[in-house]
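Results of the structural survey
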Amino acid sequence: MVRITPSAPSPSARLASVTGVMGVKVIPRAARAYIGCALLGAGACVLPALRPGATVPWGTVALLAALYALCELPARCRLLGRSFPMGTGSFFPVLLAAALLLPPAAAALTAIPGSLLARVEEPPAALRRAWRAAAAAVAVRAAALTADALGAPTALGRGPDAPDLPYALLPAGAAALVLCLALTALDGGIRATVGGLPPRAAWRGLLGRSLVPHTVHGLAGLMMAVLWRSTYGPVAALFVLLPMYISHWVFAQYHRERAAHQATIRALVQAVDIKDRYTRGHSERVGQASVLIARELGMAEDRLDVVRFAGILHDVGKLGVPTRLLTKDGPLTPEERRVIELHPEYGHEMVRGIGFLGEARAAILHHHERMDGSGYPYGLHGEQIPEFARVVAVADAFDAMTSTRSYSRARPVPTALAELERCAGTHFDPRMVTALVRALDRHGWQPAVTADEAPPGPPGGNVPPPREAGPEQAGHPADPEPPGTAAAEAATGTDGAARRAGADAPPADRPRERA
Amino acid sequence: MRLRPRPRPGAVTVGAVRGAALLLGLACFGSTLWHGLDEPGNALAFGTLVALGELARWGAPPGTGTPPAAEEPRGSEPAPLAAAGALAYALLGTSAGAPTTHGVPQTVAVVVAAGLAGIVPHVARGRGPGLDHLARRVLTVGFAALCFQPLYNAGVVTEHLGQGPAYALFLVLLLLLTALCDAVLAALLLRARTGFPYGPLLRDELRAFLGIGSAVCATGTVMALGVAAAGLWALPVLAVPLLLTQVSFRRYAAVRTVNRQTIASLARATEIAGCTPPGHARRVAALSAAVGRELGLSGAELAVLEHAALMHDIGQLSLVDPVAGGATALLPAEEQRRIALLGGEVVRRTGVPEAVAVVVERQADPYREQPLPARIVRAVNAYDDLAATGTGEGAAAALGALERLRLGTARDYHPDVVECLARVLARGGAAGVTSAVPG
């Protein structure tokens, strides 16, 4: 089966996205001139139909134009509380049927009302509408000319005459191809003139994405035209549109659900933030650093997604640790430390039901393991530790060191990297550390954090007070234990867990500011 | 599923439906074998289409950790292409201008044979469709063919309606009737299985029809008309748009599953944090859904109720010390409301519909100020807390908890909801619905 990707934006979606480029406040003169040319071209395309004496089947034109407009309209109104996300080109079958059924100039005419009425996302609306209508008219005219040249009118049959079906696929396919090519060319043009992109960049990827949807639309358009001409008439042709309409509706639902899903993941992270406000934004930054490392290692694109989730969710198990422990000032007892060290297992328990996380689940369980086997929960060493866990461990330590915590200043990136390199081999996989160093050489480190604002908790006795990293918080009670390595301590991610590192006691001085 | 010593009360209905389908299938096979095939070309083309459609069915992936499914894609057709092809064959009158003569038995026999051929690979992989689904397919196709073929073959249709738009509209009318018949059957089978009230189930089925069901019917009509006008070439041409619809639906269902899994994990967070006893969120969600159905909720309302019930305790994560045993129902009213507000705040950030957050927020208000889903969540949550902490075991604890709820109907719990909960519990709780929830 051909893999049909409904994600490929259909042409009018692209029109919208292309005109989205015009969101820049000032529209360049080149673009205005380009749109002007397109309007002139569109005028020339429809003119033959408007000249006196032209034989135009006005009834069919009006019906098809109304149908196209009607199909584009629902995008403007919200029905039953849910928006009908149309305007995504679901009705190119109508235009293609017009191209097959009507003389070229009249076919171009049918595209105009619908394009003018469809929703415009951003201002300037008038210019966008004009551009859209002009592009559609030109493209439909080109498609209709192609279909005519290949003998579509006779191949479609009429009334009881059966259509010449295997042959009719040729004009229909050619018309769909030409429509696709024309729209792509026009789109690329406006991208180039508005965005100032070089033409090759402007056109890249446009054609590949739209070819398959156009083929499907071409087949639907052909069937519509055949039924329109048959004895059953336009009523039967209407039913061809229903599956297309529904498929686009579902597709928009899919996008909504996907956005909701990403929000849910973020909610998991924010639930951690509610408990432990020291680490605000930490999760997302670890996700980004993990992706940097993984990309440097040459992982495939879909694994990058998984490693990002692993980074984002690595501390989700902290939800299972009592808030009092996470936010405790002062030293932890061995008992309390053991409770905090349970968080990888809690995290794994929580996410094990989420199928798509795949390898990320193991990373969440093992991100505190160390190469020499001194980590937790299982004390794995070397290659026994899952690859993603080794990636996340490095990213986690790196971010912990380079971000300001209540108990320590942010350290500069080179210092942190030097610390990581020092611990490579004992704590961290040297491969991951090297990858991080190389990636930062190349891209730098500008973490962009979206989920930074934690919800303002209402004040109340049982709710942890918001704690900001300030001068009065910087001084902590002295830690009775011998100092651990900065990296190891940072890797544990929280203030409380940081005190855990003492047992290892390598000879690194402790840069924490302590009273 | 729970093991039961005696057959479920709906076993007779299920048996009758399956028996009827089997009988119809066998009779049609026999008749076709006896009389031979009319127009083998058409039969082969439609049979191939149905078989391919079944082959392309979306096998339900063995979902792990899915929360109790109140509105799984039940009612949505897993093999739309096969269904459309089968309906089109049942409504096929003319092929490329020449009238056809295949009757009801041949239609059913071809559809059944092709369908069985198409599901063999799925069965081999252990993911075959359920028997109910097959039975429904056989009966609906039989119904459509029975409505159309005798009339057409007797010449009544052509005589009165000709071969124009009226004929097309007649086909649509028949398919709408068929869809109605299918919805009735599906609701009947579900009712037999779960014991939910019939009305909301039927409403759910009809609403589900607006999704892929209508695309299937439209394609079925257009295929019948397209073959009449253009011959068998219309079949592959029309199959492609429907496949696109199927792919869209599959992706939608996949992302939906993922979202449900994530929400279930979020709900489990409170259990892992020790805020609530193990399984509390899931039990409350399942029982709330059952009570909601009993009270006539359906579709989207039920989904909101279920999500809210899953996440109703999330506010406890903000507490410095967990509530003993997680039993919020035993806390002072002010404290309960504060936790509810905290929970609403988290839920608002999850991207689930706003209505879910509202239910979570209002779960601790006196019932007169609450929307219905919040009333249900409140009563069910209190029941689960009380039954877990109360004295006595099993039935005694449950009875004690119900008694406490009844005493609270003056202010806290809505009397109707409590009575409904009692009815659902008396019937065996939500066990019939929530069997598929691992860990």
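Residues numbered from 1 in each chain as written. Chains lettered and ligands numbered in written order. Predicted model: local features only at pLDDT ≥ 70, side-chain atom pairs only at ≥ 80, totals over all residues. Heavy atoms only, no water.

Focus on the interface of chain A and chain B
How big an interface is tends to be stated in terms of accessible area lost as the parts join. Contact with chain A, which involves 66 residues of that partner, is made by 64 residues of chain B. Around 6100 Å² of area is buried between chain A and chain B when both sides are counted, 70% of it from carbon and sulfur atoms. At the boundary of chain A with chain B, the tally comes to zero salt bridges. On the surface where chain A and chain B come into contact, there are seven residue pairs in polar contact (both at pLDDT 80 or more). Only α8 (165–195), α10 (206–229), α11 (233–275), α14 (323–326) and α16 (343–351) of chain A provide two or more residues apiece to the side of chain A that touches chain B. It is α11(A) that contributes the most residues to the side of chain A that touches chain B, 26 residues altogether. Of the residues that constitute the side of chain A that touches chain B, the class distribution is 45 nonpolar, 14 polar and seven charged. (Contact = heavy atoms within 4.5 Å. Buried area = accessible area lost by both parts, 1.4 Å probe. Salt bridge = Lys/Arg side-chain N within 4 Å of Asp/Glu carboxyl O. Polar contact = N/O pair within 3.5 Å; in protein donor to acceptor, adjacent residues only side chain to side chain. Helix = DSSP H or I, 4+ residues; strand = E, 2+ residues; numbered from the N terminus. Nonpolar A, V, L, I, M, F, W, Y, C, P; charged D, E, K, R; others polar.)

A short note on a nonpolar patch on the surface
Residue and element names in this part refer to chain A. Nonpolar side chains collect at one region of the surface, where L177, L181, L207 and L211 lie side by side and expose about 300 Å² of accessible area between them. Looking at the nonpolar patch, the elements with two or more residues in it are α8 and α10. Structurally, the position occupied by L181 is in helix α8. (Patch = residues over 30% accessible without salt bridge, like charges linked within 9 Å, V, L, I, M, F, W, Y side chains within 5 Å. Areas by Shrake-Rupley, 256 points an atom, 1.4 Å probe, with all protein chains shown as cover.)

Overview of the packing of aromatic side chains
Any two aromatic rings considered together are summarised by their centre-to-centre distance and by the angle between their planes. Residue and element names in this part refer to chain A. Counted under the stated rule, the structure contains seven aromatic pairs over all chains. For the pair F398 and W445, a centre-to-centre distance of 5.3 Å together with 75° between the ring planes defines the contact as edge-to-face. Here W445 lies in the loop between α20 (430–443) and α21 (471–474) and F398 lies in helix α18 (residues 387–402), a separation of 47 residues in the sequence. For the residue pair F398 and W445, the accessibility class agrees, reading buried in each case. When the ring centre of F309 is taken as reference, the NZ or CZ atom of R308 above it lies at 5.2 Å. (Phe/Tyr/Trp six-rings, centres within 6.5 Å; stacked < 30°, edge-to-face > 60°. Buried < 20%, exposed > 50% of the residue type's maximum accessible area, 1.4 Å probe, protein only. Lys NZ or Arg CZ within 6 Å of the ring centre and 35° of its normal.)

What to know about the pattern of salt bridges
Residue and element names in this part refer to chain A. The final tally for this structure, using the stated rule, is 29 salt bridges over all chains. Between E359 and R303 there is a salt bridge, with its nearest N and O atoms 3.0 Å apart. Of this pair, E359 sits in helix α17 (residues 359–366) while R303 sits in helix α13 (residues 301–313), and the two are 56 residues apart along the sequence. Several salt bridges share partner residues, and in doing so they unite R303, E359, E387 and R431 into one network.

Thoughts on the side chain of R229(A)
Residue and element names in this part refer to chain A. For R229, the location among the structural elements is in helix α10. It is D148 that comes nearest to the buried, bridge-free R229 among opposite-charge side chains, at 7.8 Å. A polar contact is formed between the side chain of R229 and the backbone oxygen of L101, at a distance of 3.4 Å. At 3.3 Å, the side chain of R229 and the backbone oxygen of P153 are in polar contact. Among all residues touching R229, those that are not within four sequence positions of it are L101, P153, L156, G157, R158 and G159. (Lys, Arg positive; Asp, Glu negative; His and termini not counted.)

Quick notes on the packing of helix α11 (residues 299–310) of chain B against helix α13 (residues 354–362) of chain B
The geometry of a pair of packed helices is captured by two quantities: the angle between their axes and the separation between those axes. All names here are of chain B. Where α11 meets α13, the closest approach of the two axes is 9 Å, and the angle between their N-to-C directions is 50°. Relative to α13, the element α11 is oriented oblique. Considering only the axes of α11 and α13, their crossing is right-handed. In this structure, α11 uses V304, H307 and A308 to contact α13, whose residues at the interface are A355, V356, V359 and V360. Of the residues contributing to the contact of α11 with α13, the split by class is six nonpolar, one polar and no charged. (Axes fitted to C-alpha atoms, helices over the stretch in contact; angles between N-to-C directions. Parallel < 35°, antiparallel > 145°, perpendicular 65-115°, else oblique. Left-handed = near helix turned anticlockwise from the far one by under 90°.)

Details of helix α10 (residues 280–294) of chain B
Over its 15 residues, α10(B) runs 21 Å from end to end, which matches the ideal 21 Å to within 8%, given 1.5 Å per residue. Of all 15 residues in α10(B), 13 are buried, a share of seventy percent or more. (Expected span 1.5 Å × (residues − 1).)

Examining the confidence of the model for chain A
All names here are of chain A. Of all residues in chain A, 77% have pLDDT values of 70 or greater, and the mean over the chain is 75. Summarising per-element confidence for chain A, the mean pLDDT is lowest in α21 (34) and highest in α18 (92). Note on residues 1–24: pLDDT is under 50 here. Beyond four places in sequence and across chains, it has 62 contacts. Ignoring residues within four places in sequence, the model shows residues 76–88, a span with pLDDT below 50, making 29 contacts including any to other chains. (pLDDT = per-residue confidence, 0-100.)

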